[in-house]
Amino acid sequence: MSVRVVARIRPLLQSEIEKDQILSSHPGPDGNTSIVKIPNPKNLAEEYSFQFNNVYDQDSTQQEIFDAEVTPTVKHLFLGYDVTIFAYGSTGTGKTHTMRGGKSLQDRGMIPRLLSSIYRKSRAIEKSTQGETTVQVSMSYYEIYNDRVFDLFDAPEKRTPTGLPIREAEGGKTVVVGLTELPCSSLKDFEVLYDKANNNRSTGATKLNAHSSRSHAILCVKVSVSSPTETRVSTACAIDLAGSEDNRRTGNGKERMVESASINKSLFVLAQCVEAISKKQPRIPYRESKMTRILSLGQNNGFTVMILNLAPVKGYHLDTLSSLNFANRTKKIEVREVENDPIFKRPVSVAPVGGPTIQRQPLRPLT
Ligand code: ADP
Ligand code: MG
């Protein structure tokens, strides 16, 4: 099991052009990583830096991110490994843009590109084996709202308020009972089904008096490769997570607090799973939330990519910081400015409370 955590900084929106920008990206110390820097909102003389496997700047294209982060996983998918791709971030930071994207070819997100790549590879395999090996693709698409699972292929009026039950299947896998699984043998097929389900997502959400940013949308694409001797099945899941904004600050009512509690819990467990996988710990707490349990996150040999979506402007400062803290990346605190505070003369290690190791850096010499 391996995990990559990358950050993507979205460009400024038209309405933000005059706004203060707070994020910058930099090459990491080892050439293999990249860094995002952000001021400490409580002390602007300090700057935090967070290290990622990669950072995609404002001008990065969908194609670039797909080529670098998703394309390598497709090969593994066809070898029988599972692939999971998450978009994490506050509402308005570009999760849906990253995963689903716009209508134009150039704006298409990771999901349609992934499917396109799966079909291309399927055709190539079928052609090279002269039809001896065949590939079947099917999809399911559901959302988790308030810890309940709703099938996005069900029309909103067909939804039961309690959602679909889950149960333990053989081999310790968790399955959603009654979830629709539809074959889709071409990109065109896929797009029709995907668009239809996405429409159910927004109308269903209105019915439940919730906005789609309050639920996790989980698309699972099953790929079965059958040769005369064996059938290999693997799954690619692409997840547009609920907005990670801190709801204590936004003055939400009771209903919103219930939503927030379940969103916070599942994102917290997700963060712990990602950390456990990246540190190759033997115990991954995937059973502690419905989403990670259904995904069996970290239980199979597979590949997980977490894309942390970030907005570059000051209006998102606290949420951005919490997103950056989320995946427990290596974090450093640096002094940006010239306060000659003796405390910072020597590096001091600060033991964080349940967080990453923080290294205070010495003051940089005045220039
Ligand atoms: P989220 O799903 O995280 O709430 P969206 O994907 O809806 O955020 O993005 C918020 C807004 O920013 C949308 O108008 C979207 O089109 C725009 N946006 C996000 N990322 C990009 C990008 N990389 N390039 C251009 N526009 C973007
Ligand atoms: Mg969205």
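Thresholds applied
- Residues numbered from 1 in each chain as written.
- Chains lettered and ligands numbered in written order.
- Predicted model: local features only at pLDDT ≥ 70, side-chain atom pairs only at ≥ 80, totals over all residues.
- Heavy atoms only, no water.
- pLDDT = per-residue confidence, 0-100.
- Contact = heavy atoms within 4.5 Å.
- Axes fitted to C-alpha atoms, helices over the stretch in contact; angles between N-to-C directions.
- Helix = DSSP H or I, 4+ residues; strand = E, 2+ residues; numbered from the N terminus.
- Parallel < 35°, antiparallel > 145°, perpendicular 65-115°, else oblique.
- Left-handed = near helix turned anticlockwise from the far one by under 90°.
- Nonpolar A, V, L, I, M, F, W, Y, C, P; charged D, E, K, R; others polar.
- Core = buried A, V, L, I, M, F, W, Y, C linked by side-chain atoms within 4.5 Å.
- Buried < 20%, exposed > 50% of the residue type's maximum accessible area, 1.4 Å probe, protein only.
- Expected span 1.5 Å × (residues − 1).
- Bend = angle between axes of the 7 residues up to and from the residue.
- Near = heavy atom within 4 Å.
- Polar contact = N/O pair within 3.5 Å; in protein donor to acceptor, adjacent residues only side chain to side chain.
- Areas by Shrake-Rupley, 256 points an atom, 1.4 Å probe, with all protein chains shown as cover.
- Pairing = 2+ DSSP bridges.

With respect to the confidence of the model for the protein
On average, residues of the protein score 87 in pLDDT, and 86% of them are at 70 or above. The low-confidence segment residues 338-367 (pLDDT under 50) makes 43 contacts with residues lying over four places distant or belonging to another chain. For this predicted complex, the interface confidence score (ipTM) comes to 0.99, while the overall pTM stands at 0.89.

Some details on the packing of helix H1 (residues 62-78) against helix H3 (residues 110-128)
As a packed pair, H1 and H3 sit with axes 10 Å apart at the nearest point and diverge in direction by 45 degrees. As summarised for this structure, H1 and H3 are arranged oblique, according to the angle between their axes. The chirality of how H1 crosses H3 is right-handed. Side by side, H1 and H3 meet where Gln62, Gln63, Ile65, Phe66, Val70, Val74, Lys75, Leu77 and Phe78 of the first sit next to Met110, Arg113, Leu114, Ser117, Ile118, Lys121, Ser122 and Ile125 of the second. For the contact of H1 with H3, the residue count by class is 10 nonpolar, 4 polar and 3 charged.

Quick look at the nonpolar core
Membership of the largest hydrophobic core comes to 48 residues, with the highest contact counts inside it found for Phe52, Leu270, Met306 and Phe326. Among the elements that line this core, the one with the most residues is helix H5 (residues 254-278), at 9 residues. Ignoring anything within four residues of it in the chain, the contact list for Leu270 reads Phe86, Leu241, Met291, Thr292, Leu297, Met306 and Phe326. Counting 39 residues, the second largest nonpolar core, distinct from the first, contains Ile85, Leu152, Leu193 and Ala217.

Some thoughts on H1
Every α-helix carries 3.6 residues per turn, so stepping three or four residues along brings you back to the same face. Over its 17 residues, H1 extends 23 Å from the first C-alpha to the last, a length consistent with the 24 Å expected when each residue adds 1.5 Å. The largest bend along H1 measures about 40 degrees and falls at Val70, with the proline Pro72 one to four residues further on. Regarding H1, the residues found buried are Gln62, Ile65, Phe66, Glu69, Val70, Thr73, Val74, Leu77 and Phe78. Gly80 lies just past H1 and shows a positive phi near 100 degrees.

Thoughts on H5
Under the 1.5 Å per step criterion, the end-to-end length of H5 is 36 Å for 25 residues, consistent within 8% with the ideal 36 Å. One or two residues past the end of H5 sits Lys280, with phi positive at roughly 55 degrees.

With respect to the site of ligand 1
The immediate surroundings of ligand 1 are formed by Arg8, Arg10, Pro11, Leu13, Ser90, Thr91, Gly92, Thr93, Gly94, Lys95, Thr96 and His97. Between an oxygen atom of ligand 1 and a side-chain N or O atom of Thr96, the distance comes to 2.8 Å. A distance of 2.7 Å separates an oxygen atom of ligand 1 from a polar atom in the backbone of His97. Considering ligand 1 on its own, with 550 Å² of exposed area, one finds that the protein chains cover 67% of that surface. Element by element, the count of residues in the shell around ligand 1 is highest for helix H2 (residues 95-99), at 3 residues.

Topic: the pairing of strand E12 (residues 216-226)
Consecutive residues of a regular strand have side chains that alternate between opposite faces of the sheet. A large share of E12 lies buried, amounting to 10 of its 11 residues. Relative to E12, strand E7 (residues 134-145) runs antiparallel, the two being bridged by 11 bridges. What sits directly across from Met139, in E12, is Val221. In this sheet, strand E13 (residues 231-240) lies alongside E12 in antiparallel orientation, the contact comprising 10 bridges. The residue of E13 that forms the bridge with Ala217 is Asp240.

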